[in-house]
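# Inside the fold
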Amino acid sequence: MGNPSRLGEHVAVEIREQIAILSLDRPEKRNALDGGTVRALGSFFEAPPPGIAAAVLTSSSDHFSAGLDLSELTTTTVFEGVLHSRGWHEQFDKIQFGTVPVVSVLRGAVIGGGLELAISTHVRVAEASAYYALPEGSRGIFVGGGGSMRLPRLIGVHRMADMMLTGRVIDAKAGLDLGISQYLVDDGEGLATAIGLAERISQNSPITNYAVLQALPRIAEMGPQEGLFVESLVAAISQGSDEAKSLLEEFLAGRAAKVVANEGAP
Ligand code: 1HE
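Report on the accompanying structure. In this text the structure is predicted, and so the values were computed from the model without any measurement. (Residues numbered from 1 in each chain as written. Predicted model: local features only at pLDDT ≥ 70, side-chain atom pairs only at ≥ 80, totals over all residues. Heavy atoms only, no water.)

Extensive coverage of strand β3 (residues 19-24) is indicated by the burial of 6 of its 6 residues. Neither face of β3 is left uncovered, since the one carrying I19, I21 and S23 and the one carrying A20, L22 and L24 both have all their residues buried. As paired elements, strand β2 (residues 11-16) and β3 share 6 bridges and run antiparallel to each other. Paired with I15 across the bridge in β3 is A20. The sheet contact formed by β3 and strand β4 (residues 54-59) spans 6 bridges and is parallel. Pairing of A20 across the sheet is with A55, part of β4. The parallel pair β3 and β4 is bridged by helix α1 (residues 35-46), and the resulting crossover is right-handed. (Buried < 20%, exposed > 50% of the residue type's maximum accessible area, 1.4 Å probe, protein only. Helix = DSSP H or I, 4+ residues; strand = E, 2+ residues; numbered from the N terminus. Pairing = 2+ DSSP bridges. Right-handed = clockwise from strand over helix to strand, strands pointing away.)

Rendered as structure tokens:
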């Protein structure tokens, strides 16, 4: 059974066996992200409860997040603005480069800092209602939660520039085609889909999941020869684990699941 509790003021947490379900829960402000919420998310992923193998990040309402709580920037100095943004970087890095794979459920507004949070997660399931925008240009600000580093890697600098310059809103289908989400489901089906994916992820060998979170994004940033060498090291470390040996033996003895065509199709 679950045990809902809270993480800071605006995040509900439920633990279901090996899966942690975190719900942004500030519907009256469309899940606008204040400093306390960003820090609470980072603290959770910096030191997940023992036994948690995967997490789901969702929303308790119709919107994932309207982005930065704009009321926080009205009196900040330039230097405070730098520290504010650096704080988001630190917390979102704890998600992307943590130990627990995170599946997010995107619906309604996924805007500004909400989009930056979403793309710090590893697998994104969009419901049909999801839409993505970067209205920073119209607010006189710039992305500050890692968007200029993460989003161009997903959709390209030119598309991000278009979103910021023109205020273009990307719908859920276009977001799937661009890679903002990896899955697109009907409204109301996101959470069940995400939990199913998290359960599947939690059955993997922990060392493989760790390598996917820690090694894969780093290798992708390396030159080809450096990347290939590091890949060999990570492959050797993973295959050397006792768990890998027993999983390989299970397959060879005909006791492990086979790959099934079309399994997990979006
Ligand atoms: C907010 C915020 C917010 C809503 N900060 N309070 N993000 C934006 O520029 C998006 C701004 N929000 C919107 O465009 C709309 O609110 C929505 C499309 C998301 C939803 O519209 P709607 O009609 O359902 O709700 P609403 O009436 O606009 O908002 C409900 C309340 O939430 C209202 O407050 P109230 O006291 O009048 O009830 C809004 O003021 C409040 N609210 N969004 C603060 N974002 C690390 S850098 C990242 C930089 C960014 O994220 S820039 C993008 C910011």
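Another aspect to go through is the environment of L197. Among the structural elements, L197 can be located in helix α8 (residues 190-202). In sequence terms L197 and L70 are 127 residues apart; their C-alpha atoms lie 33 Å from each other. Leaving out residues up to four positions away in the same chain, L197 has contacts with V103, V123, V125 and Y183. (Contact = heavy atoms within 4.5 Å.)

We now examine a negative patch on the surface. There is a patch of like negative charges on the surface, built from D62, D186, D187 and E189. Its place among the elements puts D62 in the loop between β4 and α2 (78-96). Under the relative-accessibility criterion, D62 is labelled exposed at 62%. (Patch = residues over 30% accessible without salt bridge, like charges linked within 9 Å, V, L, I, M, F, W, Y side chains within 5 Å. Areas by Shrake-Rupley, 256 points an atom, 1.4 Å probe, with all protein chains shown as cover. Salt bridge = Lys/Arg side-chain N within 4 Å of Asp/Glu carboxyl O. Lys, Arg positive; Asp, Glu negative; His and termini not counted. Charge placed at Lys NZ, Arg CZ, Asp CG, Glu CD.)

Here we come to the site of the ligand. As a structural note, the neighbourhood of the ligand is formed by 23 residues, with K29, A66, L68, G113 and R139 the closest of them. Within the backbone of A66, a nitrogen or oxygen atom sits 2.7 Å from a nitrogen atom of the ligand. In the environment of the ligand, a nitrogen atom lies 2.9 Å from a nitrogen or oxygen atom belonging to the backbone of L70. Compared with its free state, where it exposes 1,000 Å², the ligand has 65% of that area covered by protein. Split into classes, the residues belonging to the shell around the ligand amount to 10 nonpolar, 6 polar and 7 charged. (Near = heavy atom within 4 Å. Polar contact = N/O pair within 3.5 Å; in protein donor to acceptor, adjacent residues only side chain to side chain. Nonpolar A, V, L, I, M, F, W, Y, C, P; charged D, E, K, R; others polar.)

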